[in-house]
Amino acid sequence: MKSKTHWMLFFAFLSTGAFYAQDNSNETRRTRQGKITKKVSVVDKKVNTTNTEIDSTIASVDGTINGAKNTVKKIGALKESIFGPKKEKGTSKTKVVIEIIAMDFDDQRLEELLKYISKAKGIKKVTKEFGAEQIKVTVTSKKVASELWDTLPKDLQNKFKMISMKSDSMMIKAKTNSGTKVTE
């Protein structure tokens, strides 16, 4: 009977120890969970504070950008009131047709003219057509006919006589070799 009692005491002791150990383990877990919950709360508060500061900074930067835009507009208006409105640059391409009459296609003056025009600044494309003593040169550029004529050197201009000119075309005639008379 003693052994039964010993065994019972032993099992009672063992089950009490296991219960106590489990209870102690639960308490340790709860303590850890409490500490983790506190740390998460602290981090959550810091994140919320940071988000608020970021929103405030973004609003401040937006205000600064809008202020800068308004300043630029005011400066532009001031510049325009002092110097007048901004001139539009000729950004669109135009075609100028140069019609050369009384000239053969193998004339040296034509070669000089085409060489200079094709290498001039702002010229995009030069095409030519030949007919009976008539040559048509089409120039694609940002310049109108008068600007194109004015860019030619004077010695090259003197080899031709201007017959007529519009903004998109000109008609010229080759002068004779003496440079004074125009061939008929």
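So, here is what we can say about the structure in this document. Please read these numbers as outputs of a predicted model, since none were measured by experiment.

1. A short note on the pattern of salt bridges
Counted under the stated rule, the structure contains two salt bridges. Here D107 makes a salt bridge to R109, at a shortest N to O gap of 2.7 Å. By relative accessible area, D107 is classed as buried at 17%. By relative accessible area, R109 is classed as buried at 16%. Its salt-bridge partner being K159, residue E112 comes within 2.7 Å of it at the nearest N-O pair. In this pair, E112 is assigned in helix α2 (residues 108-119) and K159 in the loop between α4 (154-157) and β4 (160-165), connecting sequence segments 47 residues apart. Assessed through its relative accessible area of 28%, E112 is described here as partly exposed. Residue classification places K159 among the partly exposed residues on the basis of a relative accessible area of 24%.

2. Here's the deal with empty space enclosed by the protein
Counting across every chain of the model gives one cavity of 30 Å³ or more. Within this model, the largest cavity holds a volume of roughly 30 Å³. Forming the boundary of the largest cavity are I98, L113, I117, L148, W149, L152, M170 and I172. At the level of secondary structure, the elements contributing two or more residues to the lining of the largest cavity comprise α2, α3 (145-151) and β5 (169-174).

3. Re the nonpolar core
What tends to happen in soluble globular proteins is that the nonpolar side chains get buried as a cluster. Core analysis: the largest hydrophobic core is formed by 22 residues, its most contacted members being I98, I100, L113, F160 and I172. Counting residues per element, the ones that place at least two in this core are β1 (94-101), α2, β3 (134-141), α3 and β5. Among the elements that take part in this core, α2 stands out by supplying four residues, more than any other. Once residues within four sequence positions are removed from consideration, L113 is found in contact with I100, L152, L156, F160 and I172.

4. What about a nonpolar patch on the surface?
Taken together, the side chains of L78, I82 and F83 present a nonpolar region at the surface, about 370 Å² in accessible area. Residue position: L78 is located in helix α1 (residues 2-83).

The rules behind each value
- Residues numbered from 1 in each chain as written.
- Predicted model: local features only at pLDDT ≥ 70, side-chain atom pairs only at ≥ 80, totals over all residues.
- Heavy atoms only, no water.
- Salt bridge = Lys/Arg side-chain N within 4 Å of Asp/Glu carboxyl O.
- Buried < 20%, exposed > 50% of the residue type's maximum accessible area, 1.4 Å probe, protein only.
- Helix = DSSP H or I, 4+ residues; strand = E, 2+ residues; numbered from the N terminus.
- 1 Å grid on protein atoms, 1.4 Å probe; cavity = no way out; pocket = protein on both sides within 12 Å on 5 of 7 lines; lining within 4 Å.
- Points joined across faces, edges and corners; volume = space filled by probe spheres on them.
- Core = buried A, V, L, I, M, F, W, Y, C linked by side-chain atoms within 4.5 Å.
- Contact = heavy atoms within 4.5 Å.
- Patch = residues over 30% accessible without salt bridge, like charges linked within 9 Å, V, L, I, M, F, W, Y side chains within 5 Å.
- Areas by Shrake-Rupley, 256 points an atom, 1.4 Å probe, with all protein chains shown as cover.

Coordinates in, geometry out; function isn't part of it.
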